[in-house]
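# Observations on the model geometry
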Amino acid sequence: MALLFETRDHAAYITFNRPEVMNAMDAETYSDLSNAWVEVRDNPDIWVAAITGKGRTFTAGADLKSRIGAHTEAWKFWQTQEEQLLNRGLEVWKPVIAAVNGYCLAGGMTLLFGTDIRIAAESAVFGISEVKRGILPGNGGTQRAVRQMPYPIAMEMVLIGDNITAQDAYRIGLVNKVVPDEQLMDTAEAYARRICENPPLAVRAIKELAVRSQYMHINDGLRLEAAIGRALGTTEDAAEGRQAFAEKRKAVFRGR
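To keep things clear, this report deals only with the structure shown in the data block. Not measured: the values here are computed from a predicted model.

### Describing the overall build of the protein chain
Check the secondary structure of the protein chain and you find 9 helices and 10 strands. Taken over the C-alpha trace, the protein chain has a radius of gyration of 19 Å; the compact-globule value for 256 residues is 18 Å, and the two agree within 12%. For the protein chain, the spread of C-alpha atoms along the three principal axes comes to 60 × 40 × 35 Å. Counting over 256 residues, the protein chain shows a buried share of 46%.

### Remarks on the pattern of salt bridges
Two side chains that carry opposite charge are able to pair once their charged atoms sit near each other. Going through the model one piece at a time under the given rule, you end up with 12 salt bridges. Across the salt bridge formed by Arg212 and Glu91, the nearest N and O atoms sit 3.3 Å from each other. One end of the pair, Arg212, is in helix α7 (residues 200-213); the other, Glu91, is in the loop between β4 (57-59) and β5 (96-100), and 121 residues separate them in sequence. Taking relative accessible area as the criterion, Arg212 reaches 27% and is therefore assigned partly exposed. Close ionic contact of Asp116 with Lys207 constitutes a salt bridge, the shortest N to O distance being 2.8 Å. Here Asp116 is found in the loop between α2 (107-113) and β7 (117-121), whereas its partner Lys207 is found in helix α7, with 91 residues between them in sequence. A relative accessible area of 32% means that Asp116 is categorised as partly exposed. Look at the salt bridges and you will find they share partners, linking Glu6, Arg8 and Glu189 into a network.

### Regarding the packing of aromatic side chains
With the rule as written, the count across this model stands at 1 aromatic pair. Ring geometry for Phe16 and Phe58: centres 6.0 Å apart, planes at 85°, overall edge-to-face. With Phe16 in strand β2 (residues 11-16) and Phe58 in strand β4, this residue pair connects regions lying 42 residues apart in the sequence. In terms of burial, Phe16 and Phe58 fall into one category: buried. A cation sits over an aromatic face here: Arg194 above Tyr191, 5.8 Å from the ring centre.

### Some words on the sheet that holds strand β8 (residues 125-127)
Taking strand neighbours across the sheet as the criterion, the 4 strands line up as β4-β6-β8-β9 in an open arrangement whose pairing is mixed. Looking at which strands have only one partner, the edges of the open sheet turn out to be β4 and β9 (163-165). Each strand of the sheet is rotated relative to its neighbour by a mean of 20°, with strand direction disregarded.

### Structural notes on the sheet that holds β5
Working definition: the strands of a sheet are paired by backbone hydrogen bonds and lie parallel or antiparallel to each other. Read from one edge of the open sheet, 6 strands run β1-β2-β3-β5-β7-β10, paired in mixed fashion. Across the chains shown, the open sheet's two edge strands, defined by having one partner strand only, are β1 (3-8) and β10 (177-179). This sheet shows a mean twist of 20° between the axes of neighbouring strands, independent of strand direction.

### A few points about the side chain of Asp26
One can find Asp26 in the loop between β2 and α1 (27-42). Within polar-contact distance, the side chain of Asp26 engages the side chain of Thr29 at 2.7 Å.

### A look at the nonpolar core
What tends to happen in soluble globular proteins is that the nonpolar side chains get buried as a cluster. Counting 42 residues, the largest nonpolar core has Leu33, Trp37, Ile51, Met109, Phe126, Met149 and Leu174 as its most contacted members. Only β2, α1, β3 (48-53), β5, α2, α4 (151-160) and α5 (166-171) provide two or more residues apiece to this core. Examining the composition of this core, we find that 5 residues originate from one element, α1, more than from any other. Excluding residues within four positions of it along the chain, Ile51 makes contact with Ile14, Phe16, Leu33, Trp37, Phe58, Ile97, Ala98, Ala99 and Leu111. Counting 18 residues, the second largest nonpolar core, distinct from the first, contains Tyr13, Leu184, Ala188 and Tyr191.

Calculation notes
Residues numbered from 1 in each chain as written. Predicted model: local features only at pLDDT ≥ 70, side-chain atom pairs only at ≥ 80, totals over all residues. Heavy atoms only, no water. Helix = DSSP H or I, 4+ residues; strand = E, 2+ residues; numbered from the N terminus. Rg over C-alpha atoms; globule rule 2.2 N^0.38 Å. Buried < 20%, exposed > 50% of the residue type's maximum accessible area, 1.4 Å probe, protein only. Salt bridge = Lys/Arg side-chain N within 4 Å of Asp/Glu carboxyl O. Phe/Tyr/Trp six-rings, centres within 6.5 Å; stacked < 30°, edge-to-face > 60°. Lys NZ or Arg CZ within 6 Å of the ring centre and 35° of its normal. Pairing = 2+ DSSP bridges. Axes fitted to C-alpha atoms, helices over the stretch in contact; angles between N-to-C directions. Polar contact = N/O pair within 3.5 Å; in protein donor to acceptor, adjacent residues only side chain to side chain. Core = buried A, V, L, I, M, F, W, Y, C linked by side-chain atoms within 4.5 Å. Contact = heavy atoms within 4.5 Å.

Laid out in structure tokens, this is it:
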């Protein structure tokens, strides 16, 4: 299987499973990944997701060898909702954690831009290298690089295509934390558990507002925040949170 998918304790764990080709993504992998994100989005028992790669690579991006000689019909350009991805317009309001275990290149970086919390192994390497192949970093690469990194750093990465280390990624704020390789998944799972201690509907509301605010006028964002906050206040989880606070006990949230 090109992709492994498992769930436990309200968390989904997605693993690229093509270590022999640096977890490069061919058409099958992209299709499986799209299906995985839809499952994360639509399964009410999943509250958070984490993604990593098998072996010594997160993912090297698209499998360019598999595209040699490939032809795409022109009408496919307008199939904008077909096999959507996390970094290509699919709306997933559940938090997504990236556990970067080695090379995170090209399409791996654009995928990273679609995640919310990022842990890097000490051996991790990051690069937006498409320019060296005469192509551009699609699926949001040209759009999110300058939004998520300092402008001159982002432009250096997309125009030159050189790699940076895990410590460099931490220094510019691309990742939350750098940990020893052997602690990577334990750290990712710890983040997942901590997120799942919070009411899932509130978590999703906060993520949606934070993401949408990047593209909205502040007045529109404040109004949307007020509207969603009002709706959130009517949920069972909100009532449980208030009751648990009053009774000085740990709240039990159910996502209702």
